[in-house]
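Secondary and tertiary structure notes
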Amino acid sequence: FGAGHRTVTLVNALKVNKKINEIIDDDTRKKNLTFPGCNLKIKNSLVLKNYKSGFCFLSVNTSLENIIIKKLKKINKKIIFYSMAPESKLFYKKY
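Quantities reported herein were computed from a predicted structural model and do not represent experimental measurements. (Residues numbered from 1 in each chain as written. Predicted model: local features only at pLDDT ≥ 70, side-chain atom pairs only at ≥ 80, totals over all residues. Heavy atoms only, no water.)

Glancing now at the confidence of the model for the protein chain. Averaged over all residues, the pLDDT of the protein chain is 90; the fraction at 70 or higher stands at 97%. Across the protein chain, the element-wise mean pLDDT spans from 88 in helix H1 (residues 5-14) up to 95 in helix H2 (residues 65-75). (pLDDT = per-residue confidence, 0-100. Helix = DSSP H or I, 4+ residues; strand = E, 2+ residues; numbered from the N terminus.)

Right, dumping it as structure tokens:
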């Protein structure tokens, strides 16, 4: 969730665009734009209701993560959330 510059940088630097099903951002100015570096259209968060399970990587200000998760869980309770921000409690660490 979040189709901003941090997401563009991360997706393209790690070359993970083929492993991503959806780019989601609720900013109406970004809806249906093509995400840079891959051929995916940016979609509204309502697309999450189509998934039986999955992961959502947040690329937003960490102070907004809980607000966004609360909103997205109303759409789909089965989505698991991680953050792309190392300072976040939701940042995936495998040590």
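Anyway, onward from the coordinates.
Once the charged atoms of two side chains with opposite charge are near each other, the side chains can pair. By the definition in use, this model includes four salt bridges. Between glutamate 22 and lysine 43 there is a salt bridge; the shortest N-O distance is 3.4 Å. Residue glutamate 22 is found in the loop between H1 and strand E1 (23-24), and its partner lysine 43 is found in strand E2 (residues 42-43); the two are separated by 21 residues along the sequence. Overall, the relative accessible area of 33% leaves lysine 43 in the partly exposed class. A salt bridge links aspartate 25 to lysine 30; its shortest N-O distance comes to 3.3 Å. Residue class for aspartate 25 comes out buried when judged on its relative accessible area of 10%. (Salt bridge = Lys/Arg side-chain N within 4 Å of Asp/Glu carboxyl O. Buried < 20%, exposed > 50% of the residue type's maximum accessible area, 1.4 Å probe, protein only.)

Another point: the state of the cysteines. By the definition in use, this model includes zero disulfides. The thiol of cysteine 38 is not disulfide-bonded; the next cysteine sulfur, from cysteine 56, is found 15 Å away. (Disulfide = S-S within 2.5 Å.)

This paragraph deals with the environment of serine 63. Of note, serine 63 is situated in the loop between strand E3 (54-58) and H2. Among the residues examined, serine 63 registers a relative accessible area of 55% and is labelled exposed. The sequence separation of serine 63 and serine 88 amounts to 25 residues, and the corresponding C-alpha distance is 9.0 Å. A distance of 2.8 Å separates a polar atom in the side chain of serine 63 from a polar atom in the side chain of asparagine 61. (Polar contact = N/O pair within 3.5 Å; in protein donor to acceptor, adjacent residues only side chain to side chain.)

What follows is about the nonpolar core. Counting twelve residues, the largest nonpolar core is built from Phe1, Ile24, Val47, Leu48, Cys56, Leu58, Val60, Ile68, Ile69, Leu72, Ile79 and Phe81. No other element matches H2, which puts three residues into this core. Residues contacting phenylalanine 1, with those up to four places away along its chain left out, are Ile24, Asp25, Asp26, Ser45, Cys56, Phe57, Leu58, Ser59, Val60, Ile68 and Leu72. Membership of the second largest hydrophobic core comes to seven residues, among which are Ala3, Ile23, Phe35 and Leu40. (Core = buried A, V, L, I, M, F, W, Y, C linked by side-chain atoms within 4.5 Å. Contact = heavy atoms within 4.5 Å.)

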